[in-house]
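Overview (structure and organization)
Residues per chain are reported as follows:
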Amino acid sequence: MRTNDCKTDLAATVISPTNEAEVAGFIAESYARATPMRVVGGGTRLQSGTVAADQTLTSRCLGGIVTYEPGALTLIARAGTPIHEIEATLASEGQAFAFEPMDHRAVLGVSGAPTLGGMVAGNVSGPRRVHAGACRDHLLGVRFVDGRGRVIKNGGRVMKNVTGLDLGKLLCGSHGTLGVLTEVALKTLPAAETQQTIAFRRISVGDATEIFARALATPYEVSGAAFHSGTAWLRIEGFSAQVDYRRERLSTLFHNRELETVGEADSQNLWRGLRDLHHFAASSEPLWRILVKPSEAPAVVAALHALGGEVSLDWAGGLIWFQGSASGSAVRRAAGRGQAMLLRRSALSAGGSFPPEEPAIAQLSAALRRTFDPAGILNPGLMDK
């Protein structure tokens with residue numbers, strides 16, 4: 001059924017196709033006219049930088065689960081399908097996305113429904129990435145429309161699919177600059193029966209990264225390792241008896257530190273808040289996402305503290321969140337060899353949101369964009385540094 005929000009009128013400012021053919025037709029027409037467009041899903045993820053386009057193409061009306069096979073641990077859905085609908089379907093079969101995708105709405109102050117396509121286009125992953133990998137690690141296949149209006153399929157629904165170049169890995173994290181996703185196939189996994197969290201109070205960033213390194217070197221399958229405001233947390237998930245045993249073994253390992261156990265209900269709420277950055281949601285200051293080697297986190301955090309603002313860690317120190325009013329150049333200097341991306345902009349934010357690339361990488365990125373979007377009509381300016 002077509003609603004007023006689902007339109008394919010080429011004269012409209014916002015185009016909401018309801019099927020892949022409409023997506024392809026609109027992009028082909030835009031390619032012929034060299035007309036740029038802003039590409040979004042549900043409009044709840046970051047659209048970094050400045051997109052120089054007067055029209056928007058959204059996949060939010062391109063929804064629905066195509067195939068879900070719980071026994072095969074695979075799901076195929078159209079790109080505009082809301083994440084909450086997919087998660088509810090998975091939960092009914094005792095399954096979930098292992099990479100625990102973040103919900104940006106609170107921290108970005110936006111509404112709407114996060115979509116499957118937006119999640120894949122941003123390679124959106126949460127705290128469990130430290131254990132289960134990122135969104136792209138669970139991607140089996142994609143269908144998308146490139147900047148010429150061509151429909152391209154790559155991969156499939158099985159886990160051992162060999163089809164040559166894995167274009168899904170290119171699309172995952174490309175933020176809509178290489179093509180518009182129309183359909184996605186992903187692995188699913190059984191959801192954990194229960195979880196517990198070990199909390200370490202009144203510690204430093206250096207202490208936290210040391211705890212993380214020791215815990216992750218054990219066989220006790222830590223599925224979350226985060227730090228904020230002087231407290232570090234280690235999450236353990238699985239069957240009840242296993243969780244109790246692993247929590248006891250980790251507690252013994254850190255017997256010389258003050259620690260406490262957070263039960264299942266409080267643990268779930270805690271990690272949901274950490275995942276979605278509720279501790280940074282009340283501010284409008286710039287918010288940076290900085291990827292570093294976990295061993296380098298203490299030095300980077302010290303440099304960031306010198307700029308003022310507030311810091312938290314995830315992924316055992318591999319992901320640093322920095323909220324503060326420092327300039328982009330100052331933040332990137334403090335990040336050192338880390339990759340700093342501006343997630344939330346303020347009215348005073350200047351410059352691009354994505355980190356500068358090495359010359360060889362920049363050349364490769366430009367070549368890929370010329371191949372898939374020769375007219376430069378898909379989110380132009382979005383990835384500018």
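Below is a summary of the structure that appears in this document.

What counts, and at which threshold
Residues numbered from 1 in each chain as written. Predicted model: local features only at pLDDT ≥ 70, side-chain atom pairs only at ≥ 80, totals over all residues. Heavy atoms only, no water. Helix = DSSP H or I, 4+ residues; strand = E, 2+ residues; numbered from the N terminus. Rg over C-alpha atoms; globule rule 2.2 N^0.38 Å. Buried < 20%, exposed > 50% of the residue type's maximum accessible area, 1.4 Å probe, protein only. Contact = heavy atoms within 4.5 Å. Areas by Shrake-Rupley, 256 points an atom, 1.4 Å probe, with all protein chains shown as cover. Pairing = 2+ DSSP bridges. Core = buried A, V, L, I, M, F, W, Y, C linked by side-chain atoms within 4.5 Å. Arc of directions from axis to C-beta. Polar contact = N/O pair within 3.5 Å; in protein donor to acceptor, adjacent residues only side chain to side chain. Phe/Tyr/Trp six-rings, centres within 6.5 Å; stacked < 30°, edge-to-face > 60°. Lys NZ or Arg CZ within 6 Å of the ring centre and 35° of its normal. Axes fitted to C-alpha atoms, helices over the stretch in contact; angles between N-to-C directions.

A look at the overall build of the protein chain
When its secondary structure is counted, the protein chain shows 12 helices and 18 strands. By the compact-globule yardstick of 21 Å for 385 residues, the protein chain fits well, its C-alpha radius of gyration being 21 Å. Projected onto its principal axes, the C-alpha positions of the protein chain cover 70 × 50 × 40 Å. Across the 385 residues in the protein chain, those meeting the buried criterion constitute 51%. At a minimum sequence separation of 6, the contacts of the protein chain that also span at least 24 residues come to 70%. For the protein chain, the accessible surface area stands at approximately 16,800 Å², while carbon and sulfur atoms represent 51% of it.

Topic: the sheet that holds strand S3 (residues 56-58)
The parallel open sheet is built from 3 strands, whose spatial order is S1-S3-S2. Either end of the sheet is taken by a strand with one partner, and the two such strands are strand S1 (14-15) and strand S2 (38-40). Taken together, the 3 bridges between S2 and S3 define a ladder with parallel strand orientation. Counterpart to Arg-38 in the pairing with S3 is Thr-56.

Topic: the nonpolar core
Judged by nonpolar contacts, the single largest core of 39 residues is most densely connected at Phe-97, Leu-116, Met-119, Val-120, Phe-144, Leu-181 and Trp-321. Counting 37 residues, the second largest nonpolar core, distinct from the first, contains Val-205, Trp-288, Val-292 and Val-301.

Observations concerning helix H2 (residues 83-92)
Within an α-helix, residues lying three or four positions from one another point in the same direction, as the helix has 3.6 residues per turn. Listed as buried for H2 are Ile-83, Ile-86 and Leu-90. For H2, the buried positions fall inside an angular range of 65 degrees around the axis, keeping them on one side. Turned more than 90 degrees from where H2 packs its buried face, Ala-91 and Ser-92 sit exposed. Here the buried face of H2 lies against strand S4 (65-69), strand S5 (74-78), strand S6 (95-96) and helix H4 (116-121). Immediately downstream of H2, the backbone of Gly-94 shows phi near 70 degrees, a positive value.

Considering helix H11 (residues 328-335)
Of the residues making up H11, those classed as buried are Gly-328, Ala-330, Val-331, Ala-334 and Ala-335. Seen along its axis, H11 keeps its buried residues to an arc of 165 degrees; they face one direction. Considering only its buried residues, H11 is in contact with strand S15 (287-291), helix H10 (297-305), strand S17 (319-323) and strand S18 (339-344). Positive phi appears at Gly-336, one or two residues downstream of H11, with a value of about 60 degrees.

So, the side chain of Arg-128
Along the chain, the position of Arg-128 falls in the loop between H4 and helix H5 (129-132). For Arg-128, the side chain forms a polar contact with the side chain of Glu-237, separated by 2.9 Å. With near-sequence residues (within four places) excluded, Arg-128 lies in contact with Phe-97, Ala-98, Glu-100, Gly-133, Ser-223, Arg-235 and Glu-237.

Observations concerning the packing of aromatic side chains
Aromatic ring pairs are reported here in terms of the distance separating the ring centres and the angle at which the planes meet. For the structure shown, the criterion picks out 4 aromatic pairs. Seen in terms of ring centroids, Phe-97 and Phe-99 are 5.2 Å apart; in terms of plane orientation they differ by 25 degrees. Their pairing is stacked. A relative accessible area of 3% places Phe-97 in the buried class. Judged by centre distance (6.1 Å) and plane angle (55 degrees), the rings of Phe-144 and Phe-372 are tilted. Highlighted residues: Phe-144 in strand S7 (residues 139-145) and Phe-372 in helix H12 (residues 359-372), separated in sequence by 228 residues. As far as burial versus exposure is concerned, Phe-144 and Phe-372 are alike and both buried. Lying over the aromatic face of Trp-315, Arg-129 brings its terminal NZ or CZ to 4.6 Å of the ring centre. The cationic tip of Arg-235 hangs over the ring face of Trp-271; the distance from NZ or CZ to the ring centre is 4.7 Å.

Some words on the sheet that holds S17
Judged by pairing direction, the sheet is antiparallel, and its 8 strands sit side by side in the order S14-S11-S13-S12-S16-S17-S15-S18 without closing on themselves. Every other strand in the sheet has two partners, leaving strand S14 (259-262) and S18 as the edge strands with one partner each. Neighbour to neighbour, the strand axes of the sheet diverge by 20 degrees on average, direction disregarded. Where strand S11 (residues 194-200) meets S14, 4 bridges bridge the pair, whose relative direction is antiparallel. Counted as the bridge partner of Thr-197 is Val-262 from S14. Together, S11, strand S12 (222-228), strand S13 (231-238) and S14 form the strand contacts of helix H9 (residues 264-275), whose direction differs from that of S11 by roughly 70 degrees.

Just geometry here; none of it tells us what the structure is for.
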